[in-house]
Amino acid sequence: MAPEQAARQQAAQPPRAQAPLQAISAALRRERERVGLSLSELAKRAGVAKSTLSQLEAGSGNPSVETLWAVAVALGVPFSWLVEPPAPRVQVIRAGEGLGIASERANYVATLLASCPPNARRDIYLLTLEPGEPRRSDPHMPGTVEHLIVSTGRVLAGPTDEPVELGPGDYLAYPGDLPHICQGLEPATSAVLVMQHI
């Protein structure tokens, strides 16, 4: 892709939230100290410059996907442990929002929506919805969390007492062990539902 074409494509994309450097800094220090590695040893194992790690621990710099992934592998932790802040009970990520980490090698941005906790199982569903009565669900087994990503149309979903309206590209996480609803607000609405059981 020509540089001017790449610049136009990048300019046309919606802005994404940048990685929270203070959260990365704290997580990196916490995990490095947990495994008992010096900055030098971690840099060597990750194949990353010590100065880069030092900047990250100081809460500065602009980490790439590759750098953070290499550090996570060297620490023996999931990538999400370094970048994901604690999630609230009901979590909404609108299209174009979220923790976007850019690649330094390609026109690619990885946006972590939700990490899988230990000992969890996930079922994935494609939903097709039409306007009308909402789908009302009784609570599922304790610890169930539902993750919904809207593909087309508009959806009203979430806990019965606090549903959220979503559009294409929006993400919602909510407790599936509480009464909840899902309703298509436009014809030919579709979404992906991931049901996580612990």
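Structure: above.
Note that the structure is a prediction, hence the values are computed from the model and not measured. (Residues numbered from 1 in each chain as written. Predicted model: local features only at pLDDT ≥ 70, side-chain atom pairs only at ≥ 80, totals over all residues. Heavy atoms only, no water.)

A. Main features of the sheet that holds strand E8 (residues 164–166). The strand order across the open sheet built from four strands is E5-E10-E7-E8, with neighbouring strands paired in antiparallel fashion. Looking at the sheet topology across the chains shown, the edges are occupied by strand E5 (135–137) and E8. Taken pair by pair, the neighbouring strands of this sheet meet at an average axis angle of 15°, ignoring direction. Looking at chain direction, strand E7 (residues 155–159) and E8 are connected through three bridges and run antiparallel. Along E8, the bridge assignment pairs Ala-157 with Val-164. (Pairing = 2+ DSSP bridges. Helix = DSSP H or I, 4+ residues; strand = E, 2+ residues; numbered from the N terminus. Axes fitted to C-alpha atoms, helices over the stretch in contact; angles between N-to-C directions.)

B. Just the sheet that holds strand E11 (residues 189–197), in detail. The five strands are arranged E1-E9-E6-E11-E4 in an open sheet whose pairing can be described as antiparallel. Among the strands making up the open sheet, the edge pair consists of strand E1 (91–93) and strand E4 (121–129). The average angle at which neighbouring strand axes cross in this sheet is 15°, direction not considered. Bridge analysis of strand E6 (residues 145–152) against strand E9 (residues 171–175) gives five bridges, and the strand direction is antiparallel. Residue pairing for E9: Leu-148 is matched across the bridge by Leu-172.

C. Broad picture of the environment of His-140. Mapped onto the elements, His-140 comes out in the loop between E5 and E6. For His-140, a relative accessible area of 28% corresponds to the partly exposed category. Each C-alpha atom of the pair His-140 and Gly-176 lies 5.8 Å from the other, and the pair is 36 residues apart in sequence. If near-sequence neighbours (up to four positions away) are discounted, His-140 is found in contact with Glu-146, Gly-176, Asp-177, His-180 and Met-195. In this structure the side chain of His-140 is engaged in a polar contact, spanning 3.0 Å, whose partner is the side chain of Glu-146. (Buried < 20%, exposed > 50% of the residue type's maximum accessible area, 1.4 Å probe, protein only. Contact = heavy atoms within 4.5 Å. Polar contact = N/O pair within 3.5 Å; in protein donor to acceptor, adjacent residues only side chain to side chain.)

D. Spatial organisation of the pattern of salt bridges. Applying the stated rule across the entire model yields seven salt bridges. Of the charged contacts, one joins Glu-57 and Arg-32 as a salt bridge, the two residues approaching to 2.5 Å between their closest N and O atoms. Residue Glu-57 is located in helix H4 (residues 50–57), and its partner Arg-32 is located in helix H2 (residues 21–35); the two are separated by 25 residues in the primary sequence. Note on accessibility: Glu-57 and Arg-32 belong to one class, buried. Of the charged contacts, one joins Glu-41 and Arg-45 as a salt bridge, the two residues approaching to 3.0 Å between their closest N and O atoms. Here Glu-41 and its partner Arg-45 are both found in helix H3 (residues 39–46), four residues apart, which amounts to about one turn of the helix. (Salt bridge = Lys/Arg side-chain N within 4 Å of Asp/Glu carboxyl O.)

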